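Take a look at the letters that make up each chain.
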Amino acid sequence: MTKQPVQAAPDESVDMIIFGGGGDLAARKLLPALYMAHLHGNLPPETHIIAVGRKDWTIEQYRAFMEEQSRPFVEAKAFHKEAWDRFLALFQYVVIDVNVGRDYARLLEASRKDALRVFYLSTSPELFTTICDNLESAKLLDERSRVVLEKPLGHDLASAQEINESVGRHFAESQIYRIDHYLGKETVQNLMVLRFGNPIFGPLWQAPYIRSVQITVAETVGVGSRAGFYDHTGALRDMVQNHLLQLLCIVAMEPPVSLDPDAVRDEKLKVLRSLRPMTLADIARDTVRGQYGAGAVDGAPVKGYLEEDNVPPGSRNETFVALRAHINNWRWANVPFFLRTGKRMQTRQSEIVIEFADLPFSIFPSGPRNYGNRLVIQLQPEESIQLQMLAKEPGSGMNMLPVSLNLDLQQAIPERRAEAYERLLIDVIRGRLTHFMRRDELEAAWTWVEPILNGWDELGDRPRTYTSGTYGPAASSALLAREGMSWAEEA
Ligand code: BG6
């Protein structure tokens, strides 16, 4: 069991120390998220932010970097000059070569001895061990310190275990916050309320009442400037191993006994451990890899993956994956879970579709014969829930037509939704671990994913090219069509 961490009292002094402070993630996500938390009064008043980077900058230069690189990521309506200036004043910048032990003395000097120290490691994971070793040697750690680990946490099971081992030498599990930013999304957290707050779904949420589950995370963006990272990562490691499997866990888990971090994480772990391991034959039949070719997205022409900057010629890296998974337990026996994610797809859309079982027999003369109601949970870009059902077509006969019960959550509850990183950073400061991955969860996810990667190698599998602006290769539709099913947009 993970020990409950020492909760930071709301007014406790906090030093938020960001390694990789001059990096892309810090600029685009972390700093705008911290600004929003500051704007809404969610940072403890005694918060200092210490950006750590290699570049030999002064604090003025770092603030200029923030102006240039982070401010564009703050929504215009949330930008207030006075609040921004006060936010900039919270910062210090410390130059450290993370491999050089003596450099850490500067950090010791910059941070306060009595503050709760949060170390956010937004660097390449290969540096995590060195950073943690050096933090310890420089006497920067105590039992209240917390460490936040950015993904990717490893590229296979062994490397994930290695990271966990080395970080675990310096931090107890209750001090480690493994980020999967999907768990910070309001819409993803709302899934728990949908499932466990609404009694109507309880009895139906299982086989044989559910015929299939689809989880799609479709992006319109391409690889952009990230080919150096992405080309040896691919969609399975980048998206399925973490974000999609976490969504699957929330859809499939048993009700936890409470919202305590371990109660929730124990149930997710059980799902991950129940995933049926894929044999080579399963991999050949039940997985589809794709790579985007040239095409058009949002009406504008776009290059194919192989033409993108820094992609090696002839790369076999996948930018799309669709697969069929099974969960070997009583609740989900024989219910296929279809997972799909890709870049350069037709729309940016993340959704979960619960397809209920067919009518056993239809007494109506016309309309769909094999009809299963669908519950469509849209996670982004809009948050909505639709229940697709049949209604009588007006007129003299008893014909049926598909219609949809529609709930637009943004309209129903117009309050501001914090971005995932803002919510998660506040959780770290408050010591709330529920929406972070525990070590065993991460390793269980790798245990299921790694054989697929190895299987593709063994099969000499090449990704199929799909036209940018579509829903991926035709084989992805065939994966469902084989069983008389279809992806939501094809229904
Ligand atoms: C990241 C992946 O974890 O998630 C990116 O590394 C991907 O490749 C991103 O684009 C998607 O996140 P979101 O929040 O835009 O759906």
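This write-up is about the structure you can find in this document.

Thresholds applied
Residues numbered from 1 in each chain as written. Predicted model: local features only at pLDDT ≥ 70, side-chain atom pairs only at ≥ 80, totals over all residues. Heavy atoms only, no water. Helix = DSSP H or I, 4+ residues; strand = E, 2+ residues; numbered from the N terminus. Buried < 20%, exposed > 50% of the residue type's maximum accessible area, 1.4 Å probe, protein only. Phe/Tyr/Trp six-rings, centres within 6.5 Å; stacked < 30°, edge-to-face > 60°. Lys NZ or Arg CZ within 6 Å of the ring centre and 35° of its normal.

Residue P152 follows K151 across a cis peptide bond; omega there is 5°. Within the secondary structure, P152 is located in the loop between β5 (146-149) and α6 (157-168). Cis geometry marks the peptide bond from A207 to P208; its omega dihedral reads 0°. Of note, P208 is situated in the loop between α7 (186-197) and β7 (210-218). Phi at K139 takes a positive value of approximately 60°, unusual for a residue other than glycine. By the element assignment, K139 lies in the loop between α5 (128-137) and β5. The class for K139 is exposed, based on a relative accessible area of 67%. Although it is not a glycine, N334 adopts a positive phi angle of roughly 65°.

Right, let's get into the environment of P203. Note on placement: P203 falls in the loop between α7 and β7. Assessed through its relative accessible area of 52%, P203 is described here as exposed. A C-alpha to C-alpha distance of 46 Å links P203 and F79, two positions 124 residues apart in sequence.

The description of an aromatic ring pair rests on the distance of the ring centres and on the angle between the ring planes. A full pass over the atoms with the stated rule returns 19 aromatic pairs. A ring pair is formed by Y62 and F65, whose centres lie 5.3 Å apart and whose planes are at 35°; its orientation type is tilted. Note that Y62 and F65 are positioned in helix α2 (residues 59-69) at a spacing of 3 residues, about one turn of the helix. You can call Y62 buried: its relative accessible area is 1%. F65 gets classed as buried once you look at its relative accessible area, which sits at 11%. Centre to centre, the rings of F79 and W84 are 5.7 Å apart; their planes meet at 55°, and the pair counts as tilted. Take W84: its relative accessible area is 0%, and that puts it in the buried class. Of the aromatic side chains, those joined through ring pairs into one cluster are Y35, W57, Y62, F65, F79, W84, F87, F91 and Y93. Between the NZ or CZ atom of K185 and the centre of the ring of Y182, over which it lies, the distance is 4.5 Å.

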